[in-house]
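# Structure at a glance
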Amino acid sequence: MLAACAPPLGSAAPTADSTGRRLALAKWITSPDNGLAWRVVANRLWQHHFGRGIVRSSNDFGRLGDLPTDSRLLDWLASEMLTRGGSIKAMHRLLVTSATYRMQSSPNQACSDVDPINDLFWRFDRRRLTAEEVRDSILSVSGALNLQVGGPTVFPPMPAAVLATASRPEDAWGKSTPDQEVRRTLYVHTKRSLQMPLLVGFDQADTDNSCPVRFATVQPTQALTLWNGEFAHQEAARMAKRLERDAGELDARLRRGLELVTQRPARDDDLARLQQLVAELRDEFGKSDAEALQRVCLVLLNSNEFLYLD
Amino acid sequence: MNRVRHPSLDGPLAPKAPHFPPKAKAVIFLFMYGGPSQVDTFDYKPKLYPLDGKTIEISTKGRGGSKNQGRVVGPKWNFRQYGQCGKYVSDLFPHLARCVDDMAFVHSMYADSPLHGSAMLMMNSGRILSGAPCMGSWVTYGLGSENENLPGFVVMLDQSGGPISGAKNWNSGYMPAVYQGTVLRSQGEPILDLARPEGMSDSEQRLLLDVLKEQNHAHLRGRADDSNLAARIASYELAYRMQHHAPEAIELAQESEATRALYGMDDPRTADFGKKCLLARRLVERGVRFVQIYSGGNHNDHNWDAHGDLVLNHEKHAGDTDRPIAGLLADLKQRGLLDSTIVVWGGEFGRQPTAEYAEGTGRDHNSAGFTMWLAGGGIKGGTSVGTTDELGNEAVERPFHVKHLHATILHQMGLDPNRLAFFHAGLDQKLVGVERVDPIRELIV
């Protein structure tokens, strides 16, 4: 059982070049007797795998925070982490190989009646992709994503209309080479006063505050960005080219597109819908096969199944 | 106290009941970025004229640091009395001067910072550090929007660019991004990504949207308990409607020549700001809660920051905006909208009575005393509240902090400034801060 109260702070052991005070503080925080720190870390790990913490207010375990939805689970995880030598990797393994992690997100009336907001994790909460995941996933299915690791931050194109809102528009944002523009969003330059509209729109964290939990809003402006925005159209075109490379026949290309965005075998009704769309774009709007395929990709990149994880 | 821990995310902009019956339904904030000089505009200081050129003992604090003496720059314009209230207004504002009976002046404003970046944030969000939601965010958070086809908080920037710190001045900080201000352009595509891409007709778009909808409905089967999925389907229809409504809101074809002239749109000099003022009226008519228009952007003399040549600077910015603002007040009044719309005018601070440099008429920043005015929305016209000292340097009588101005605006909108809170980082955060702040009672009818 973990202690409820923090242990007394040990005394510092000065050395020739240090007062040893920070080390004493670090040892005190991570002391096996300090249950709070282990619970906080275990809760954080859980939050990032399961979508929310066992304590929902993961920045606040104090009086103004939320109570754990399952205090025994949290205590057990904290103890396990101690037992595993504080290894975060071991904790990831424990969490992602658990039965709870493998639960479906499908509804169950009997469970909903008892626990409507899923406090007890009887299912996996469906979630929208985060802002970074939205951009990375689009680049991934279009085939453009550059998975290079490390290095300086990059500057994907910023819409001119957004640059114009800066007090020095010409100096407000940098420029990266085409292969660097498509790096993972993790590497996109963070400027406090100028964030990419696609990312802000999908609830990227505010640049000024510690953000324990992201919002996941549903807004018409998100639809405008993904439907009309330059990035969406550019990547839809790129994805269409990719489908042309990946498969020969139109049907096979449509199937491939569906499979890329849904990560499951394409169903016949999905395919039929897209086949009909291509026919209409061709016959009624005079689009070439290549243009029609771009439109199909735009629709696919906007689909709920792409943006939400079951 | 209503604590919002996990704000409802279905329809965060749905109209919400105010705390008490509101006087105003909308705010139009005319932001004179850079800091207009109070003693050259609305704060009449006759004793300052004869001191022109004399060096006097005076305590000032600006971008040039703290000083204990300075060379007086006498006001560069004459003041005359106007209206029933007999308000003195400088010759910079011949049109606005005729509206003084509808305006209420606060001459004793003060703020925490005499530097643009932090002072802008304070005027917009109540704090000198970035990260807090702006007033427009608070108002839309507190009241929702009356028109879901338009953003609730709209910002129009100067042609020369945005203000310092850009989007931080209309950011929603720790609130969801839905409450952030939307930059509306008065020409071309009004809102980012609103227009269909080139080569896509309305009917083609409709076809694609219908296929998307079908696909999303197929996905919804077996997941119908998830309201987010349905909300996302609906958001595409909302976006589709916005594509029609937002351009309509900025389409001025139905406005008569007389109306355009009222706003100064017949003169190239005032046409741009006039158009923005007219757009503000159209947005307010359509239920937008908070409209902010910037006079001045970018740096130096592109805004009211008259460090060099005061006359050149203020003639330009006052000249560009005087007729449009007077037109806005008159138009709101003749349409019966002024009663329910608060118009706010001012910058992030004012300017010093003394010169910044050894030569010239430029004045440095001054956050110790400056003037703002309000009109409409239950604000008592023809009123003047508070004073600065006889040189216009510092608020002395009834000093009001920026948060009192904020409290007044929220109060007129039917929101209790001491109750409107958002729980963040262990605190019920408020626009006016945690300590009780009362509105400026003298301004209220």
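Residues numbered from 1 in each chain as written. Chains lettered and ligands numbered in written order. Predicted model: local features only at pLDDT ≥ 70, side-chain atom pairs only at ≥ 80, totals over all residues. Heavy atoms only, no water.

## Description of the interface of chain B and chain A
Defined as follows: By definition, residues are in contact when any of their heavy atoms lie within 4.5 Å. For any pair of parts, buried area is found by adding up, for both, the accessible area (1.4 Å probe) each one loses once the two are put together. We count a stretch as a helix when DSSP gives it H or I for four or more residues in a row; a strand needs E for two or more, and each element gets its number in order from the N terminus. Under the convention adopted here, Pro, Cys and the residues Ala, Val, Leu, Ile, Met, Phe, Trp and Tyr are nonpolar, Asp, Glu, Lys and Arg are charged, and Gly plus all remaining residues are polar.
Listed per partner, the contact involves 72 residues of chain B and 60 residues of chain A. When the buried surface of chain B facing chain A is broken down by residue, B:Asp193, B:Gln215 and B:Arg232 rank first, second and third, together holding 12% of it. Counting only elements with at least two residues in the side of chain B that touches chain A, the list comes to helix 3 (202-220), helix 4 (227-250) and strand 18 (422-424) of chain B. Ranked by residues supplied to the side of chain B that touches chain A, first place goes to helix 3 of chain B with 13 residues. When its residues are assigned to classes, the side of chain B that touches chain A shows 34 nonpolar, 25 polar and 13 charged.

## With respect to the environment of B:Ala111
All names here are of chain B. For Ala111, the location among the structural elements is in the loop between strand 6 (103-110) and helix 1 (116-125). A C-alpha to C-alpha distance of 21 Å links Ala111 and Ala355, two positions 244 residues apart in sequence. Excluding residues within four positions of it along the chain, Ala111 makes contact with Met122, Glu348, Ser367, Phe370 and Val402.

## Quick look at the nonpolar core
Residue and element names in this part refer to chain B. Definition in use: The set of buried Ala, Val, Leu, Ile, Met, Phe, Trp, Tyr and Cys residues whose side-chain atoms join them within 4.5 Å is what this entry labels a nonpolar core. Note on exposure labels: buried denotes an accessible area under 20% of the residue type's maximum, exposed denotes more than 50%, and partly exposed covers the range between, all computed with a 1.4 Å probe on protein chains only.
Grouped together as the largest cluster of nonpolar side chains are 116 residues, with contacts concentrated most on Leu30, Met103 and Trp373. Residue contributions to this core peak at 9 residues, all from helix 4. Residues within four places of Trp373 in sequence aside, it is in contact with Phe42, Leu96, Met103, Ala104, Phe105, Ile325, Leu329, Val343, Val344 and Trp345. Within the second largest apolar cluster, 51 residues are counted, among which are Cys134, Trp138, Tyr141 and Val183.

## So, the domain arrangement of chain A
In many analyses, interface size is given as the accessible surface area lost on bringing the parts together. Residue and element names in this part refer to chain A. We apply this condition: Where each domain starts and ends comes from a domain assignment, either automatic or drawn from a database. We define a salt bridge as a contact between a side-chain nitrogen of Lys or Arg and a carboxyl oxygen of Asp or Glu at a distance within 4 Å. Nitrogen and oxygen atoms within 3.5 Å of one another constitute a polar contact, given that in protein one can donate a hydrogen and the other can accept it, and given that sequence-neighbouring residues count only through two side-chain atoms.
According to the domain assignment, chain A contains domain 1 (1-125) and domain 2 (126-310). The C-alpha-based centres of domain 1 and domain 2 are spaced at 34 Å. At the junction of the two partners, domain 1 supplies 8 residues and domain 2 supplies 6 residues. Here domain 1 and domain 2 share an interface that buries about 580 Å² over both sides, 44% of which is from carbon and sulfur atoms. Among the residues domain 1 hides against domain 2, the three largest losses belong to Asn59, Ser105 and Asp125. Together they make up 60% of the total. There are 0 salt bridges connecting domain 1 and domain 2. Here domain 1 and domain 2 share 3 residue pairs in polar contact (both at pLDDT 80 or more) between them. Here the side of domain 1 that touches domain 2 is composed, by residue class, of 1 nonpolar, 4 polar and 3 charged.

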